[in-house]
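Summary of the model geometry
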Amino acid sequence: MKKHNFSAGPCILPQEVIQEASQAVLDFNNTGLSILEISHRSKDFVAVMEDARQLALELLGLEGKGYKALFLQGGASLEFLMVAYNLLEKKAAYLNTGTWSAKAIKEARLFGEVNVVASSEDKKFNFIPKGYMIPTDVDYFHCTSNNTIFGTQMKVFPSTPKPMVCDMSSDIFSRELDFSKFDLIYAGAQKNMGPAGTTLVIVKEDLLGKVTRQIPSMLDYKVHIEKDSMFNTPAVYPVYVSYLTLKWLKAQGGIKAIEEKNEKKAALLYSEIDINPLFKGYTATEDRSIMNATFNLTDESLKEDFETMLKEAGINGLNGHRSVGGYRASMYNALPLESVQVLVDVMSDLERKA
Ligand SMILES: *Cc1c(COP(=O)(O)O)cnc(C)c1O
């Protein structure tokens, strides 16, 4: 039986994409070769890479605005240091909203001064700080749009004349934003775009080439741009599956259409968390994420019953991150509303039985 997959990442992908991707493992585009054994320089794969890069910009509304899309490797974790390597000359401003922000800050400190403009660490990252000032003498401002582990999400972004860099790993392509406010966006594929193994980087070209340090080729965004994201062998299969997912998203009506579905899923689950006395949400209401909903039981003695019921209903991946505990329902683009309904039914059944 196919499970209801609430995994935080790697995460659920559209069933159609998995079908098509599995077919390409056997025979890619009727080439008589598997996607796993073709050259990344072959005409068919170069076309995939080019279309994927173009489609990413198109879906975000960034075509013809001076941006380039790259599919790199090393995960969002490598971007923590690549961003600083390429952009941090003296000082950068960072907003600390969770584990991933903190890791980005740690890496940036290897390259220059980091000014943490605000942090929610003292409240275990259960809210998004607001009303902070971004100094004018920084090279850029860095934030994390969605905190996958704690379940908070930035609903508004600060206005600053400084370049904005954003880790959108867990909510890219999930909601409409003015993406042109950002100068560099990065996202590991495995949260909302594809399988693990590639990272999407969207960068405004005029941001680059300003630091004085030497940058090793593999870590230099300019080198990857010059080589059309093929400086070295790209992650052929993860790029291909990401491409299929982006095509799927476009066929669904793009970000606007998927956002409406994501809002419905989140509203369904949060209203159950709010009305069911056996559950309480982890985060401040106004900051809760439409991608990752974190919650706890109010009575821990029901844990075994609840988890047995989840298992019987075919629900997978609901455990909270090991650093937070409790539960976390990740409701990425490909998760159907029906799966959320199954979860909500289990939660209300538990209340009826308790
Ligand atoms: C998962 C995640 C990361 C780390 O991604 P890797 O691809 O494992 O390096 C970074 N930032 C956010 C917001 C994430 O959710």
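Residues take numbers from 1 onward in each chain, read along the sequence in its written order. Residue-level local features of this predicted model are given only where pLDDT is at least 70; pairs of side-chain atoms are given and counted only at 80 or more, and the full residue set underlies all totals for whole chains, interfaces and linings. Only hydrogens and water are set aside; all other atoms, that is, all heavy atoms of the structure, feed into the side-chain values.

As named in an unreviewed UniProt entry, the protein is Phosphoserine aminotransferase, taken from Gillisia hiemivivida. Looking at the protein in UniProt, the text filed under Sequence similarities (unreviewed entry) is "Belongs to the class-V pyridoxal-phosphate-dependent aminotransferase family. SerC subfamily." UniProt positions are given in the numbering used here, feature names are shortened, and annotations may be inferred rather than shown by experiment.

What to know about the domain arrangement of the protein
What marks off one domain from the next here is an automatic or database domain assignment. Here the domain parsing of the protein yields domain 1 (15–251) and domain 2 (254–353). In this structure, domain 1 and domain 2 have C-alpha centres spaced 27 Å apart. Only heavy atoms matter for contacts: two residues are in contact if any of them lie within 4.5 Å across the pair. Of the residues lining the interface, 28 residues belong to domain 1; the matching set on domain 2 comes to 25 residues. Put simply, buried area is how much 1.4 Å-probe accessible surface two parts lose in total, over both of them, once they are put together. When the two sides are added together, the surface that domain 1 and domain 2 hide from each other amounts to roughly 2200 Å², 54% of it contributed by carbon and sulfur.

Points about the UniProt feature "modified residue: N6-(pyridoxal phosphate)lysine" (unreviewed entry) in the protein
On the UniProt side, "modified residue: N6-(pyridoxal phosphate)lysine" (unreviewed entry) is annotated at positions that read Lys 191 here. We count a stretch as a helix when DSSP gives it H or I for four or more residues in a row; a strand needs E for two or more, and each element gets its number in order from the N terminus. Here Lys 191 lies in the loop between strand 9 (184–188) and strand 10 (199–204). Relative accessibility decides the category of a residue: with a 1.4 Å probe and only protein chains considered, values under 20% of the type maximum give buried, values over 50% give exposed, and everything between is partly exposed. Assessed through its relative accessible area of 12%, Lys 191 is described here as buried. When neighbours within four sequence positions are excluded, Lys 191 is seen to be in contact with Ala 8, Gly 9, Cys 11, Thr 148, Ser 169, Ser 170 and Tyr 332.

Points about the sheet that holds strand 14 (residues 327–330)
Strands qualify as paired when DSSP identifies two bridges or more between them. The strand order 11-12-14 describes an open sheet built from three strands, whose pairing is antiparallel. In the strand order of this sheet, the two ends are held by strand 11 (279–281) and strand 14, each with one partner. Recorded for the sheet is a direction-independent mean angle of 35° between the axes of neighbouring strands. With four bridges connecting them, strand 12 (residues 292–297) and strand 14 associate as antiparallel partners. Among the inter-strand pairings, Asn 292 is bridged to a residue of strand 14, identified as Ser 330. Lying over the sheet, helix 8 (residues 303–312) contacts strand 11, strand 12 and strand 14, oriented at roughly 25° with respect to strand 14. For helices, the fitted line uses only the C-alpha atoms of the stretch in contact; every axis is such a line through C-alpha atoms, and the angle between N-to-C directions lies from 0 to 180 degrees.

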